[in-house]
Every structure is written in structure tokens, then in C-alpha cells.
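For reference, the chains in residue letters:
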Amino acid sequence: IVSSTDLKDYMYYFIAAPWLSVKLLRLLQSYPQPEDSSVYERLKEALETILNRATDPPKSKKIQHTNAKNAVLFEAINLIIHYDSDAALMVRSCNLLGGFLNSKETNLRYLALESLTNLAVSEFSRRAVMKHQETVLQALKNERDLSVRQRAVDLLYAMCDREHSGEIVSELLIYLEKADYSIREELVLKIAILAEKFATDYNWYVDVILNLIRVAGDYIADEVWYRVTQIVINRDDIQAYAAKTVFEALQAPSCHENMVKVGAYILGEFGNLIAGDERAGPIVQFRLLHSMFHLCSNTTKYILLSTYVKLINLFPEIKSDIEAVLKHNNQIQNSDAEIQQRAVEYSKLSEIASPDLLATVLEEMPQFTERESSLLAKLKKKKVPTATLR
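All values derive from a computational prediction rather than experimental measurement.

Participant: Just to check I follow, could you spell out helix 17 (residues 319-326) for this structure?
Facilitator: Along an α-helix, residues three or four apart share an orientation, since each turn contains 3.6 residues. Looking at helix 17, one finds that the buried residues are Ile 322, Glu 323, Val 325 and Leu 326. The buried residues of helix 17 occupy an angular sector of 160° when projected down its axis, which confines them to one face. Looking at the buried side of helix 17, the elements it contacts are helix 15 (282-290), helix 16 (298-314), helix 18 (329-332) and helix 19 (337-352).

This is how it looks when you write it as C-alpha cells:
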């Protein structure tokens, strides 16, 4: 079809049998690259011809001509991506797609971003995709169509590397503040994954996660705050910084409950690292956490009660203040059985246990076993297969 010149009966606005070409190109994507070199060379020649024709001046101003031409081109690029073996073809495809990023047609911008996302994961074309980073960032900022902005997010996530992670994560955080509510949870997961994957300075990682909670606390999956506490526990070099930063975050006029969870966990383990500053002394830490107790869900109250008994171990001098809270009727006679049990058991533990026994029972959490982040599994569940056409 591509090479023949005798298809006058099958021409559609100067494009030879575009529907049949698209179907055949799509069919070939169901099979691996031909092992027979002569067959592959013929196929490669056809693909090169399609790419060459994409840059030819249009033979008609009719929209039908443009649509047919682009339909064949995008399916040819999909086949090139499927084979993922010819660097020259993949780089040419990337350059052609870059030209569509500023198209007036929404569908073309959408499909170009989607195809570039697939190209970004290939070692052959990744560098070529990175050349379009600034254009993609502009699409994220200025694009009116939500679905196109979402494809821009997908592409930035796919193209991110250690060198550009700071800029990309910063831009995604800015976008998060105005992102459509329907995509915020997925966007939060992607930012958290990128921050962890490419962090060279884990202080920066802590800042990013706390910013996520501040900006989009309602969309923070439990896996996100679980993960930051695991990383802080596993890295001695960031524990003091994490304690200081979360303590400051808890003082904000409006503090999300997920921030309280992270703050309670980290201060319960490492609050002693910042207690030398009287502005973050033992009683100040305790009162700050307890000032939010009545505003929290029962699940968060469980964490806070555990933190209180941890603080008794870290700061014996405020034992009486904490015991008064644990023995208060609001806890001892609470309608929630878990709150009752924790309050009673923790208060009895603080009464009867010697300092050495208390230190043994309430010692720092051991380091977590290193394994693949649960955020990746969470993101895979969130992802919905993208349609070829909108």
C-alpha cells in the first residue's frame, strides 16, 4: 500500500487506503518484530516512507486529508515503539511528535503526548524526548483541556531523571494546587515516587512529602505517609531534620490530619533530637500534639496515644502531664474500645514499669527491610489503560 503507485481506486484525499493501512499497522503490533531480516527491512522501508511523507507539504487543505495522513503516521509510530529496536526510527518519531505539541488541534496534542510517553521509557529515544521538556511544562501550565494536561503529567513522570527531577517535581507540586480533583490522588502518588526515586538529598524528599500533605492532604493515600516514616526511620542522617521540619509544619494555623499522623510518629521516635531548643522542648511538643487530639479521627487518636507513651520514655520530666491525659475520663471511658484499651494499658505501663523496662518496651523502631516501594503498586492499581483515541 505504501509503495504502490497504482491505487487510484483506493485513494482518500490523496492518501492510499488509510483505513486498511491503519488496520494492518495495528495488526502487526500483535506480533514480535520479524526474525527474517529481509522481511524486516521491507517493513522498515515502509515505515521510513510513512515518516518521510509526514513532512511533505499537504496535498490538500481539507481536514480529511490531514486526518487520514496523521492516522497512518501515529499507527506507524506505535509500531516503531512496539518493536523498540531501531534508534534512528525512534528518534525521528520523537522529533515528528514534538512538532505536534504546539498544534491547534487538541487531539493531535493529546496523541503526541501519549506517544512521547511511550518513547520516554526506551533507551533509544529517551534523550530525544527530554529535548521537549520545556514545551511539556508549558502545556502543563497553559493547556485548557484536562485530558491533555493529564497526558503532560504522564509524560513528565516518564521522562523524569535524576538531573531534571528537582525542576519536574517542583512544577508538578505547583500544578497540584490547581489540578482537577479527579486526578489529584494519582498525581500525589507520582510526585511521591519521583521524589523518593531520584532523591540525592533526603532532606529534600522530606520537604516534598510534607508539601504534598500541606497542599493535598485529603488525597494522600496511607501508603504515602507510611513510606516517609519508613525512610526517616531507616536513615539516621535525616531524623533530626525530619523532626524539626514536621514540628514546624504542625504549628501551621491549618494542619491536615495526615500531617498530625506523620508528626506524631516522627516526634514519638525522634523528638529528643530537637528538644535542646526550648521552643521545641518536651512539654511544647506534647502540648502541640495534644492540642489537635480532639479534632482527629479515632485512627489518628490511636497513633497519638502511642506517641504520648513514647514521649514518657523520651522525656521522663513530663510523665505526670502525659499520665493525666491518659487517665482522663475522655480516654478511660471512651466509647471506642481501642482508645480505652490503649489509654488504660499505657497509663498502667508508665506506673509500674521501671525506667529500664520502659526504655526496653518503648525503644526506637528498628529499621524497615528495604523492598520495592508500595507506592508503585498503588499507582499501578490507579492506572486505567489509555485509549488510542479520545
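Participant: In this structure, what is going on with helix 9 (residues 165-176)? I would like to understand it.
Facilitator: Helix length check: helix 9, at 12 residues, gives a terminal C-alpha distance of 16 Å against a target of 16 Å (1.5 Å per residue), a fit within 8%. For helix 9, the set of buried residues is Ser 165, Ile 168, Val 169, Glu 171, Leu 172, Leu 173, Tyr 175 and Leu 176. The secondary structure elements touched by the buried residues of helix 9 are helix 7 (133-142), helix 8 (146-159), helix 10 (184-197) and helix 11 (202-216).

Participant: Any chance you could explain the pattern of salt bridges here in plain terms?
Facilitator: Side-chain pairs of opposite charge can arise where the charged atoms are in close proximity. Tallied over the full model, the rule gives 15 salt bridges. A salt bridge links Lys 190 to Asp 154, with the shortest nitrogen-to-oxygen separation between them at 2.3 Å. With Lys 190 in helix 10 and Asp 154 in helix 8, this pair connects stretches of sequence that are 36 residues apart. We classify Lys 190 as buried; its relative accessible area is 2%. For Glu 196, the salt bridge identified is with Arg 227, shortest N-O distance 2.6 Å. Of this pair, Glu 196 sits in helix 10 while Arg 227 sits in helix 12 (residues 222-234); the two residues are 31 residues apart in sequence, bridging distant segments of the chain. One network of salt bridges, in which partners are shared, links Arg 151, Asp 154, Glu 186 and Lys 190.

Participant: What exactly am I supposed to notice about a nonpolar patch on the surface here?
Facilitator: Taken together, the side chains of Leu 20, Leu 24, Leu 27 and Tyr 31 define a hydrophobic patch exposed on the protein surface, amounting to about 390 Å² of accessible area. Checked against the element boundaries, Leu 20 lands in helix 1 (residues 18-28).

Participant: What is the right way to look at the packing of aromatic side chains in this model?
Facilitator: Describing an aromatic ring pair means giving the distance of the ring centres and the angle of the ring planes. Considering all chains together, one arrives at seven aromatic pairs under this definition. Geometrically, the ring pair formed by Phe 74 and Phe 100 is tilted, given 5.4 Å between the ring centres and 35° between the ring planes. Linking Phe 74 in helix 3 (residues 63-83) with Phe 100 in the loop between helix 4 (87-98) and helix 5 (106-120), this pair joins segments that are 26 residues apart in sequence. As far as burial versus exposure is concerned, Phe 74 and Phe 100 are alike and both buried. Above the ring of Tyr 157, the side-chain terminus of Lys 190 is found at 5.4 Å from the ring centroid.

Participant: It is not clear to me how the side chain of Gln 150 should be interpreted in this structure. Could you clarify?
Facilitator: Note on placement: Gln 150 falls in helix 8. Residues within four places of Gln 150 in sequence aside, it is in contact with Ile 183, Glu 186 and Lys 190.

Participant: When you look at the packing of helix 4 against helix 5 in this model, what are you seeing that I'm missing?
Facilitator: Think of two packed helices as two axes; the pair is described by the angle between the axes and how far apart they sit. Contact geometry of helix 4 with helix 5 gives a least axis separation of 10 Å together with a crossing angle of 150°. Between helix 4 and helix 5, the crossing angle belongs to the class labelled roughly antiparallel. The way helix 4 lies across helix 5 gives a crossing that is left-handed. Where helix 4 approaches helix 5, its residues Met 90, Ser 93, Cys 94 and Leu 97 are matched on the opposing element by Ala 112, Ser 115, Leu 116 and Leu 119. Looking at the contact of helix 4 with helix 5 residue by residue, the classes come out as six nonpolar, two polar and no charged.

Cut-offs and rules
- Residues numbered from 1 in each chain as written.
- Predicted model: local features only at pLDDT ≥ 70, side-chain atom pairs only at ≥ 80, totals over all residues.
- Heavy atoms only, no water.
- Buried < 20%, exposed > 50% of the residue type's maximum accessible area, 1.4 Å probe, protein only.
- Helix = DSSP H or I, 4+ residues; strand = E, 2+ residues; numbered from the N terminus.
- Arc of directions from axis to C-beta.
- Contact = heavy atoms within 4.5 Å.
- Expected span 1.5 Å × (residues − 1).
- Salt bridge = Lys/Arg side-chain N within 4 Å of Asp/Glu carboxyl O.
- Patch = residues over 30% accessible without salt bridge, like charges linked within 9 Å, V, L, I, M, F, W, Y side chains within 5 Å.
- Areas by Shrake-Rupley, 256 points an atom, 1.4 Å probe, with all protein chains shown as cover.
- Phe/Tyr/Trp six-rings, centres within 6.5 Å; stacked < 30°, edge-to-face > 60°.
- Lys NZ or Arg CZ within 6 Å of the ring centre and 35° of its normal.
- Axes fitted to C-alpha atoms, helices over the stretch in contact; angles between N-to-C directions.
- Parallel < 35°, antiparallel > 145°, perpendicular 65-115°, else oblique.
- Left-handed = near helix turned anticlockwise from the far one by under 90°.
- Nonpolar A, V, L, I, M, F, W, Y, C, P; charged D, E, K, R; others polar.

By themselves, these are just geometric observations and shouldn't be taken as functional.
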